[in-house]
Amino acid sequence: MASYVGKRLLMAIPILFGVSIVIFITIKIIPGDPVASLLGPTGSPEARAALTERLGLNDPWPVQYVKWLGHTLTGDLGTSIARRSDVAPMVLDALANTLILSAAAAVIAIVLGVAVGALTALRRTGVLARLGNALALFSISVPQYSIGLLLIIYLAAGAGLFPVSGMYAANGGGGFVDLFNHLILPAVTAALVPAGIIARMFRSSVLDVMSMDFVEALTARGLSHRRVMLHAFHNTVPSLLTVAGLQIGYLLGGVIFVEAVFAWPGIGLLVYQSITQRDLPVIQAGVLVSALAFVMLNLVVDALHGLVDPRIRA
Amino acid sequence: MSTSSVAPLQVTSLTTTFVSRHRSVDVVRGVSFTLRRGETMMLLGESGSGKSVTARSIMQLYGASAKLGGSVTMNGMELLGMSGSELRSLRGGQVALIPQDPTGALDPLRRIGAQLVEVLNVHGVETTKPAARRRAEELLAMVGIPDPKRVADSYPHQLSGGMRQRAVIAIAVSCDPQVLIADEPTTALDVTVQAQILELIVELQQRSGTAVLMVTHDVGVARDFGGRIGVMYAGKLVEEGPAAQVLGDPKHPYTAGLLAALPTPGVERGHLRSIVGAPPPVGAFPAGCAFAPRCPQARPSCHEQDPPLVDVAPDRSAACPVVNTTVGERAA
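Anyway, here's the lowdown on the structure attached to this text. As the structure is a computational prediction, the values presented were derived from the model and not from experiment.

Parameters and conventions
Residues numbered from 1 in each chain as written. Chains lettered and ligands numbered in written order. Predicted model: local features only at pLDDT ≥ 70, side-chain atom pairs only at ≥ 80, totals over all residues. Helix = DSSP H or I, 4+ residues; strand = E, 2+ residues; numbered from the N terminus. Rg over C-alpha atoms; globule rule 2.2 N^0.38 Å. Buried ≥ 20, exposed ≤ 12 C-beta atoms within 10 Å, placed from the backbone. Contact = placed C-beta atoms within 7 Å. Core = buried A, V, L, I, M, F, W, Y, C linked by C-beta atoms within 7 Å. Pairing = 2+ DSSP bridges. Nonpolar A, V, L, I, M, F, W, Y, C, P; charged D, E, K, R; others polar. Axes fitted to C-alpha atoms, helices over the stretch in contact; angles between N-to-C directions.

## Some points on the overall build of chain B
When helices and strands are tallied, chain B shows 11 helices and 12 strands. The C-alpha radius of gyration of chain B comes to 21 Å, within 12% of the 20 Å expected for a compact globule of 332 residues. Its C-alpha atoms put chain B at 65 × 50 × 40 Å along the principal axes. Per-residue burial for chain B yields a buried fraction of 45% across its 332 residues. Within chain B, contacts between residues at least 6 apart in sequence are counted, and of these 61% link residues at least 24 apart.

## Re the overall build of chain A
Scanning chain A for helices and strands turns up 13 helices and 0 strands. Each helix (α) and strand (β) of chain A, taken in turn from the N terminus, gives the series α-α-α-α-α-α-α-α-α-α-α-α-α. With respect to the three principal axes, the spread of C-alpha positions in chain A is 85 × 55 × 35 Å. The proportion of buried residues among the 314 residues of chain A is 34%. Within chain A, residue pairs in contact and separated by at least 24 positions form 70% of the contacts whose partners lie at least 6 positions apart.

## Things to note about helix 1 (residues 51-59) of chain B
Residues and elements named next belong to chain B. With 9 of its 9 residues buried, helix 1 lies for the most part within the structure. Listed as buried for helix 1 are Lys51, Ser52, Val53, Thr54, Ala55, Arg56, Ser57, Ile58 and Met59. A positive phi of about 55 degrees marks Gln60, the residue just after helix 1.

## What to know about the nonpolar core
For soluble globular proteins, the rule of thumb is that nonpolar side chains tend to be buried together. The biggest cluster of nonpolar side chains holds 93 residues, and the ones touching the most others in it are B:Ala167, B:Ile181 and B:Leu213. It is helix 7 (residues 161-173) of chain B that contributes the most residues to this core, 8 residues altogether. In contact with B:Ala167, not counting residues within four places along its chain, are B:Leu106, B:Ile112, B:Leu140, B:Val151 and B:Leu159. Counting 62 residues, the second largest nonpolar core, distinct from the first, contains A:Ala106, A:Leu183, A:Ala244 and A:Leu251.

## Digging into the sheet that holds strand 5 (residues 77-78) of chain B
Read from one edge to the other, the open sheet built from 4 strands follows the order 2-1-4-5 (chain B), with strand pairing classed as antiparallel. Here the strands that pair on one side only, and so sit at the sheet edges, are strand 2 (24-35) and strand 5 of chain B.

## With respect to the interface of chain A and chain B
Each partner contributes to the interface: chain A provides 18 residues, whereas chain B provides 22 residues. Those elements giving two or more residues to the side of chain A that touches chain B turn out to be helix 9 (213-220), helix 10 (225-262) and helix 13 (310-313) of chain A. Of all the elements, helix 9 of chain A adds the most residues to the side of chain A that touches chain B, at 7 residues. Split into classes, the residues belonging to the side of chain A that touches chain B amount to 7 nonpolar, 6 polar and 5 charged.

## Quick look at the sheet that holds strand 10 (residues 236-242) of chain B
Pairing between sheet strands relies on hydrogen bonds along the backbone, with the strands arranged either parallel or antiparallel. All names here are of chain B. Pairing within the open sheet is mixed, and its 8 strands lie in the order 6-7-8-3-9-10-12-11. A strand with exactly one partner marks an edge of an open sheet, and here the two such strands are strand 6 (95-98) and strand 11 (310-313). Ignoring which end each strand starts from, the neighbouring axes of this sheet average 25 degrees apart. As judged from the 4 bridges shared by strand 6 and strand 7 (residues 179-183), these two strands associate in the parallel manner. Within the sheet, the bridge partner assigned to Ala96 lies in strand 7 and is Leu180.

Here's what the structure looks like:
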């Protein structure tokens, strides 16, 4: 098991290396001139030339890349153009906020998805199962931002049950309860699509497992229905992990809409704002950190996979 | 011929009907046989003849999807209509199943030892963990596994097909069943391993006096195994008797056709022989004798009246009016 995790860790290194190259090239080829956005429209040609030299933009791309990578590896993510402050703490704070939101959404998505998936698989007929199927389809089909806006209009602004936006109340507040109140609506909004997908996938995986021979064989051994179901659910865990891992990965990247709608100070909102301000160092760092989180998450999922399924470890 | 009520397994006029919302299909249509202590009974037939369904119906593995009729008794106790908890202690306890595919029969995520321990615990054979573990290793050794400790700590995918089937057999015999139902236990295995597994089953049977009900479509397996044979066709027994006699001198035209279809080693012939036509699909059995449409000796009456299983020689019965009938109708 330890060697399996070690192998996975080693494999993550070339993946991260590749990710860094893709990010670097993407930033290079997107339109927009960082020098122009730094100096503004009034910058003189001499000032432009000096700044270009100072930013190292005259070096060949490979040299720029190696320098950038070196800085990144030592924790120096550069200075924000728009905010004139260090990028690293800004991005790490935002990442922490995004992780809080994603984790909450992941818990909701997995609990809801598994419950609805199991219900619709085991009770294929009946009103509840049909309702569950319809809900799963609905939640996959409806865009997140529209649900988010509806929740804000009716539950937050309308009924006043929840705060409208942000992470903590401006006047005092703070603390866990305040965070929890602010968290519910964006987390539910972000959880809907993955919950629907997990429900559909888990349903088919339960049906798969229940039709496998060992379910009958276990009954023939004299095990109770409850015990047989425990074995069966154990066997759905590997595929559940795969789906849930992918969906949580998408959550990390996909909360950008939810963060924008709810003004949640996460990495999505930060990158979104930085794009409108052409704040390249922040975009670069934000995307890199998101990719890093994605790779780490996959690593964790792979490790769990190995833990649950002995066939993968070998 | 009177049938003893203390036979480990007695099946009388068993019918199995699969019911779905739209239709119901008769798969087993009145099968009767008696299995005595230490005896072997082979159910021989083609796919769709109802032999596997007969075996599984005895353990009532189909739940609500099948309606069972007739009677199944073990040592005189009726099994059909038993409560859930009675059935649970029976399954894996007094009557155990060796399924066809050992890979599918094991939980892929649990170690072999843990699966054995679970069965021993559930049936109250060994209640403490270390004792159950010791017993598990003994059982694995008993089924001819050379390093039981390592195999107990292995997952199913780490074992060969033959080793897996041995482990499945260890689980089946773990609670000392009186009746062992083996549903084509060698079909999924290499030919070289098949003989070893059959030998193992015979050995276990001789050691403990277990009665074995073996389902097979392989005439060769039936011949090697001996005991009694029941030939099934379209959900019914068409011939029954001691293996050597049934296979040496078949009384029913279907059995004769099956045997004629076997290639004879050393004899060169232009082509393989087969029975003309195909078995009727389940749920569309013809009226009268189900084999009549394919039968070279069918009389007009065969298409109208379904012949009952009658004694045709001492200890032998067949469901065919064409063979010379000696005795009256066989006692059910």
